[in-house]
Amino acid sequence: MSTPIFPFAAIVGQQQLRTALMLCAVDPSIGGVLIRGDKGTAKSTAGRALAAVLPAIDRTPGCAFNCPPGKACEHCAVCATGAPVPSPVPFVTLPLGATEDRVLGSLDIGQALQGGGRTFQPGLLAGAHRGLLYIDEVNLLADHLVDVLLDVAAMGVNSVQREGLAVAHPARFTLVGTMNLEEGDLRPQLLDRFGLMVEVTAPRDKAERAEVVRRRIAFEADPAGFAARWHDEQEALRARLAAAQALLPQVRLDDAMLDLISHLCCEFDVASLRADIVLHKTARALAALEGRSEVTPADLRAASQLVLPHRRRRKPFEQPGLDDDKLDQLLRDAMPPAPPENGAGTEGDDDQAAPQGGEEEQVFAATASGAAPRIAVEADAAFGAAGRRSAVDRAPRGHALRAVPNEQPSAIAIGATLRSAALRGATNVTRADLHQQVRAGTSANLILFVVDASGSMAAQRRMEALKGAVLNLLTDAYQRRDQVAVVAFRGQQAELLLAPTRSVDLAEQRLRELPTGGRTPLPHALQLALEALARADAGGTPLPPLLVVLTDGRANVPLAAGGDPWREALALAQELAARRTPALVIDTEQGYLRLGRAAQLAEALGADCLTLEELSADSLALTVRARLAH
């Protein structure tokens, strides 16, 4: 039983999102679209709804490669015996837990067991050919798998070289990825591989929000009836997309417009040449979608807002998106002056030139759309050095690198084991067939900062070091699936200021206005650290932790009335040490008279102790990274 799909034409607002999806349908070589935004903003709904309005394709029933008529894949045995019939456009969802074999394809074990030799079993990419490949929460997908997907999406061919197989088959699809920024961002290299990007936010207009709710409730109450009411609009969209696909080869983009594309990319400090290519394709697809055979500056403006924002080099905390005023000015400067009418408009005649300029601005304004604000941190060059954390062969985490024979494997490579038996022609698995999964990758960590925000001469320096370190660590946390958490303590108690996260946005927001001053409830902070680590261990797959404590150790607020805060702090530190939690203590004590309690706390934790004077924000981050590498 098929799941009802909300009609694409019934989506309220989100014009830029709908346009981006239709552009990728018109020209799949654009490279897909990444949809980023808040929860509940129609990201998934729009992605799934697009397939229903795409023009039907001719396909032979049972063909696993979705071959077009007359162009059967050499590995397809179905198209040679069957006749193509109109079929819905394929829509394939890639699960987050999918293996590389399932995505790319692998040896067909069933055929091998029946004596069929080495036969290729198509994967999800073959099934998505001439259709859509949809990935929800793409930022949580393994990076190596995302890279493979984007390579195939760009080239249009899936090449498989494994287990004695050498197979290549067409794989042209529209890649649609959605993500929630609270879960962390994609690496810049992967972000660049998505042709288009759209930032979506929930509508702020109450009438628009009410209409969203009204349509959703009506759809859930009667999906078939709701779809019937939008049938004509859906058919009109389908016809528009079909016409655009047919017109696209005839759309022209002259050399002057190509020079303007390169000029825009340089002016907006876009390093990737992929931006120029995608901007060229997107502008042509926009013209085709509007039924025109020539690209206009308005097409280029709208395309720039989809292609350039996620490729710009940004400084830490600089907002994404483009400067619309700058974009308009660059486009105006590139336009030739308007010819004078009836002898008017001679040099210096501003009265005649003004109306032409006004009309131009109206054309650009009609396609303008804002980008939702987002905080981003540029990767620190200091973290690019080798040795920060080395890849570990046979690591417990990371993608599967290969499978090797091993009669006593700690982690059985099931596919390789079964294939070994199949290639022997056996129907049973023996110990000689067993294979060990060899993985390569970096092991993610949970970095828990416990920070003294109490009143002292070093409080401000502590906060500066903390903020810089956490944000520097988060710049590449999404590459390693690291999580960072912060416990801050001041006054009468401590608080979990930042729950474990990989989101740069959330970290910057929590740390921006971190208050300082008051007393020093160190025991409560260590207690919260214990609880946070226990929760992390209990939830799913625990990450190896590292505890970083920034304090002068002068505890003066007990957990219970009449208690000794210093003894309580030492007892909790010993409890943390008993959990074998790796730790690092940063001594923030200053002045001539020093009690040395931070060093005593470090001894109880079984940790190294460094002084704040030795560390800046960058060096603290590097010190933490060095501890993680051990």
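Position numbers for residues count from 1 along each chain, tracking the sequence in the order it is written. Owing to the predicted nature of the model, reporting of local features is limited to residues with pLDDT of at least 70; listing and counting of side-chain atom pairs is limited to 80 or more, with chain, interface and lining totals taken over all residues. As a rule here, side-chain values cover all heavy atoms of the structure and leave hydrogens and water aside.

### Here we look at the overall build of the protein chain
Reasoning step 1: A run of H or I in DSSP becomes a helix once it reaches four residues, and a run of E becomes a strand once it reaches two; helices and strands are each numbered from the N terminus. Per the secondary structure count, the protein chain includes 23 helices and 20 strands.
Reasoning step 2: Remark: exposure states derive from per-residue accessible area (1.4 Å probe, protein chains only) relative to the maximum for the residue type, with buried under 20%, exposed over 50%, and partly exposed in between. Taken across its 630 residues, the protein chain has 48% of its residues classed as buried.
Reasoning step 3: When contacts within the protein chain are restricted to residue pairs at least 6 apart in sequence, those whose partners lie at least 24 apart make up 78%.
Reasoning step 4: Total accessible area on the protein chain is roughly 29300 Å²; 52% of this is exposed by carbon and sulfur atoms. Between two residues, a contact is recorded if the distance between any of their heavy atoms is within 4.5 Å. For accessible areas, the Shrake-Rupley method is used with a probe of radius 1.4 Å. Any residue's cover is judged against the shown protein chains and nothing else.

### Quick word on the confidence of the model for the protein chain
Reasoning step 1: When the pLDDT values of the protein chain are averaged, the result is 75; 71% of them are 70 or greater.
Reasoning step 2: Per-residue pLDDT stays below 50 along residues 343–399; that stretch engages in 116 contacts with residues further than four places along the chain or on separate chains. Along the chain, pLDDT gives the predictor's confidence residue by residue, from 0 to 100.

### Concerning the side chain of arginine 301
Reasoning step 1: Along the chain, the position of arginine 301 falls in helix α13 (residues 297–307).
Reasoning step 2: Among the residues examined, arginine 301 registers a relative accessible area of 2% and is labelled buried.
Reasoning step 3: Here the side chain of arginine 301 touches aspartate 328 through a polar contact of 2.6 Å, side chain to side chain. Counted as a polar contact is a pair of N or O atoms within 3.5 Å, where, for protein atoms, one must be capable of donating a hydrogen and the other of accepting one, and residues adjacent in sequence contribute only when both atoms are in side chains.

### Details of a nonpolar patch on the surface
Reasoning step 1: Patch members must show over 30% relative accessible area and no salt bridge, and they are joined within 9 Å when carrying like charges or within 5 Å when they are nonpolar side chains of Val, Leu, Ile, Met, Phe, Trp or Tyr. Each salt bridge in this description consists of a side-chain nitrogen of Lys or Arg and a carboxyl oxygen of Asp or Glu lying within 4 Å of one another. Judged by side-chain polarity, Val212, Val213 and Ile217 come together as a nonpolar surface patch covering roughly 250 Å² of accessible area.
Reasoning step 2: Here valine 212 falls in the partly exposed class, since its relative accessible area comes to 35%.

### What to know about the sheet that holds strand β16 (residues 483–490)
Reasoning step 1: DSSP-based pairing: two strands are paired if at least 2 bridges between them are found. As summarised here, the arrangement of the 6 strands in space is β17-β16-β15-β18-β19-β20, forming an open sheet in which the pairing is mixed. Strand pairing shows two members of the sheet lacking a second neighbour, β17 (493–501) and β20 (608–611), which therefore form its edges. The sheet shows a mean angle of 15° between the axes of neighbouring strands, taken without regard to direction. Whenever a helix is involved, its axis is fitted only over the stretch in contact; in every case the axis is a line through C-alpha atoms, and angles between N-to-C directions fall within 0 to 180 degrees.

### A closer look at the state of the cysteines
Reasoning step 1: Note that a disulfide, as used here, is simply two cysteine sulfur atoms within 2.5 Å. Within this structure, the stated rule accounts for 0 disulfides.
Reasoning step 2: We note that cysteine 266 lacks a disulfide partner, and the nearest cysteine sulfur, in cysteine 265, lies 7.0 Å from it.
Reasoning step 3: Judged by its relative accessible area of 61%, cysteine 266 falls in the exposed class.

### So, unusual backbone geometry
Reasoning step 1: Positive phi is not limited to glycine here, since asparagine 66 has a value of about 55°.
Reasoning step 2: For asparagine 66, the position within the fold is in the loop between β2 (57–59) and β3 (85–87).
Reasoning step 3: Unlike most non-glycine residues, arginine 580 shows phi in positive territory, near 55°.
Reasoning step 4: Along the chain, arginine 580 turns up in the loop between α21 (565–578) and β19 (583–587).

### Focus: helix α20 (residues 522–538)
Owing to its 3.6 residues per turn, the α-helix aligns residues three or four sequence positions apart on the same side.
Reasoning step 1: Helix length check: α20, at 17 residues, gives a terminal C-alpha distance of 25 Å against a target of 24 Å (1.5 Å per residue), a fit within 8%.
Reasoning step 2: Within α20, the full set of buried residues consists of Leu522, Pro523, His524, Ala525, Leu526, Leu528, Ala529, Leu530, Ala532 and Leu533.
Reasoning step 3: Those residues of α20 that are buried lie in contact with β15 (446–452), β16, β17, β18 (545–551), α21 and α22 (597–605). Given a helix with a known number of residues, its expected span is that number minus one, times 1.5 Å.

### A word on the sheet that holds strand β4 (residues 91–93)
Reasoning step 1: Strand order in the open sheet made by the 5 strands is β4-β7-β10-β1-β11, with parallel pairing throughout. Only two strands of the sheet have a single partner each, and these edge strands are β4 and β11 (196–200). Each strand axis lies, on average, 20° off the axis of its neighbour in the sheet, ignoring direction.

### What to know about the pattern of salt bridges
Close approach of charged atoms lets side chains of opposite charge pair.
Reasoning step 1: For the structure on display, the rule yields 10 salt bridges.
Reasoning step 2: Taking the shortest distance from any N to any O, the salt bridge between aspartate 299 and arginine 292 comes out at 2.7 Å.
Reasoning step 3: Residue aspartate 299 is classed as buried on the basis of its relative accessible area, which comes to 4%.
Reasoning step 4: Across the pair arginine 567 and aspartate 564 runs a salt bridge whose closest N-O atoms are separated by 3.6 Å.
Reasoning step 5: The exposure class assigned to arginine 567 is exposed, which follows from its relative accessible area of 63%.
Reasoning step 6: A residue is classified by how much of its surface remains accessible, and aspartate 564, at 36% relative accessible area, is partly exposed.
Reasoning step 7: A network of salt bridges, in which partner residues are shared, links Glu211, Arg214 and Arg215.

### With respect to the packing of helix α11 (residues 255–267) against helix α14 (residues 324–334)
Reasoning step 1: Two elements in contact, α11 and α14, have axes whose closest approach is 11 Å; the angle formed by their N-to-C orientations is 145°. Read as a crossing pair, α11 and α14 show a hand that is right-handed. Side by side, α11 and α14 meet where Leu260, His263, Leu264 and Glu267 of the first sit next to Lys326, Leu327, Leu330, Leu331 and Ala334 of the second. Note on convention: the crossing is left-handed when the near helix lies turned anticlockwise from the far helix by less than a right angle, right-handed when the turn is clockwise.

### Brief notes about the nonpolar core
Reasoning step 1: Side-chain atoms within 4.5 Å are what join buried Ala, Val, Leu, Ile, Met, Phe, Trp, Tyr and Cys residues into a set we call a nonpolar core. Core analysis: the largest hydrophobic core is formed by 66 residues, its most contacted members being Phe8, Leu21, Val33, Leu196, Leu300 and Leu308.
Reasoning step 2: If one sorts the elements of this core by residue count, helix α12 (residues 274–289) sits on top with 9 residues.
Reasoning step 3: Not counting the four nearest positions on each side in its chain, valine 33 is found in contact with Ala20, Leu21, Cys24, Leu175, Val176, Gly177, Phe194, Leu196 and Val198.
Reasoning step 4: In this structure, Leu34, Leu149, Val152 and Leu191 belong to the second largest nonpolar core, which totals 40 residues.

### Things to note about the packing of aromatic side chains
Reasoning step 1: Stacked, edge-to-face and tilted labels apply to pairs of Phe, Tyr and Trp rings (six-membered ring for Trp) whose centres lie within 6.5 Å, assigned for plane angles under 30 degrees, over 60, and everything in between, in that order. Evaluation of the coordinates by the stated rule reveals 5 aromatic pairs.
Reasoning step 2: Between phenylalanine 6 and phenylalanine 219 the ring centres are 5.2 Å apart and the planes differ by 75°, which places this aromatic pair in the edge-to-face class. Taken together, the residues span a long stretch of sequence, with phenylalanine 6 in the segment before α1 (15–26) and phenylalanine 219 in helix α8 (residues 206–221) at a distance of 213 residues. Across this residue pair, the class does not change: phenylalanine 6 and phenylalanine 219 are buried.
Reasoning step 3: A cation sits over an aromatic face here: lysine 326 above phenylalanine 268, 5.0 Å from the ring centre. Criterion for a charge above a ring: Arg CZ or Lys NZ at most 6 Å from the ring centre, at most 35 degrees from the ring normal.

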